[in-house]
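Structural description and commentary
As a plain string of letters, each chain reads:
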Amino acid sequence: MNELHEECGVFGIIAPDNYEIGRTVYYGLFALQHRGQESCGIVVNDDGVFTSHKDLGLVNDVFDNSTLASLGEGHMAIGHVRYGTTGKNERANAQPIMVNHIKGSLSLAHNGNIINSFELRKQFEMEGSIFRSTSDTEVIAYLITKERLKSDSIEEAVNRAMYKIKGAYSLLLMSPTKLIAARDPHGFRPLCYGVRDDGSIVIASESCALNAVSAKFVRDIEPGEIVVFDKDGIRSNRDHCGTEEKHICIFEYIYFARPDSVIDGISVHAARVRAGHALAKDYPVDADIVIGVPDSGLDAAIGYSRESGIPYGIGFIKNKYIGRTFIAPGQEQRENMVNIKLNVIEENIRGKRIVMVDDSVVRGTTSKNIVAKLRAAGAKEVHLRLAAPAFTDECFYGTDISDKSQLIANNHTLDEIRDIIGCDTLGYLKVERLPELIERDDEKGYCSACFGGGYPAGRAASGKFKFEQKLSEKIKKEN
């Protein structure tokens, strides 16, 4: 991996009264753990006094009872789970970040990728700013802080900053008295909020995290919207709404989001089932059983089974304590994780013709190992069906997609990929089927840049990732 992209999860809460609010954020982050497994953090606000803890590792590695107790009580808090894609995992890049300035303190958590962060960072450094991380989030924090110095309120500063930020961002920002949620005008990344019975407001990347803390879903934050939560209630700024076409990342529905989440009114589970239906229509085959690769291939496998009439069965048992191989920092780690992550149920596989449904193929190594496991278990045939089109382009908006030279679809024909993976037949979801996943009739409303659909917000500067890679290496050596 060559790029410093992120795919993360954010969570925030504002409550009527003080209590150990960090524990609620802890549960919310658990529900978002699938979005980031390298680092996490929580910041608690007790009447303007911020207490923070963040570190490398899973949520239950970074936080225990004593750590959560040390955060104290408060009426507001935000949290973050993260992974990076350079292979370098640094505590300096863990979020949320905190900034103290003349007009007060703020804490910020961010999901997405800013394509003009390279230019903004250079501008700030020329003005004397000193950065402690390679994260886009720190650039956003500097920009909002700069705008705050000439604004009457923190929400006005966020509004002004959004005119200068380009790319994908769902933000949670906490000031001493306010919790602010903001989503970029394209709406690349999800963000929603809900209400608990005690009157607390909960904001999260996915609706599944609302359920985890007994909050009732209210609505999604709209693309371009800034929503302010404070003691006076809820206020919305829509200056940026409608300034760009909506482009939710289609890969949220295919892979990233949890199947029990609903994003922009569309059930993730239902979207994946529809992908399975489309695969069965486009790539029929005589087989004995349809199986899905846990977890994100299971729903599409159900859809394939329903459409084809081939019985659905369980082919794999997943070790729930192993992270997602797609986001493992190094190739060797990815391969080792596959070996201990999935076990084949031989009784369901031996002597049978298998349709194996998975979410996608990026490099091909993971699929090759999984197919080999089925062969070793006695599978007579293995027909691989993928709930995503072939990856042909890198992503500049926060999805962990390799540069074009590392994508298997750019280096091999379909037949060659089939032979490399070792399956009998191979079928990708057709690009023209993508609108069906979110029940649309056209290609508007979602981003499919990684599938060759173009870049709605433009590309990142050519020097951005090389610069961040070098800076990452420098910080690593210094630490």
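This section reports on the structure supplied with the text.

1. Concerning the sheet that holds strand β21 (residues 381-386)
- Spatial strand order, β17-β20-β21-β22: four strands in an open sheet with parallel pairing. Since the sheet does not close on itself, it has two edges, and those belong to β17 (289-292) and β22 (425-428), each with one partner. Across the sheet, the axes of successive neighbouring strands diverge by a mean angle of 20 degrees, strand direction being ignored.
- Examined bridge by bridge, β21 and β22 share four bridges and lie parallel to one another. Across the sheet, Leu384 pairs through a bridge with Leu426, a residue of β22.
- Its contacts with the sheet place helix α13 (residues 365-376) against β17, β20 (353-358) and β21, and it is angled at close to 155 degrees to β20.
- Sheet contacts for helix α15 (residues 414-421): β21 and β22; angle to β22, the most-contacted strand, approximately 120 degrees.

2. So, the pairing of strand β4 (residues 74-82)
- Burial runs high along β4: nine of the nine residues are buried.
- Bridge analysis of strand β1 (residues 9-19) against β4 gives seven bridges, and the strand direction is antiparallel. Note that in β4 the partner of Ile14 across the bridge is Met76.
- Across seven bridges, the pairing between strand β2 (residues 39-46) and β4 is antiparallel. Following the sheet pairing, Ser39 is matched in β4 by Arg82.

Rules used throughout
Residues numbered from 1 in each chain as written. Predicted model: local features only at pLDDT ≥ 70, side-chain atom pairs only at ≥ 80, totals over all residues. Heavy atoms only, no water. Pairing = 2+ DSSP bridges. Helix = DSSP H or I, 4+ residues; strand = E, 2+ residues; numbered from the N terminus. Axes fitted to C-alpha atoms, helices over the stretch in contact; angles between N-to-C directions. Contact = heavy atoms within 4.5 Å. Buried < 20%, exposed > 50% of the residue type's maximum accessible area, 1.4 Å probe, protein only.

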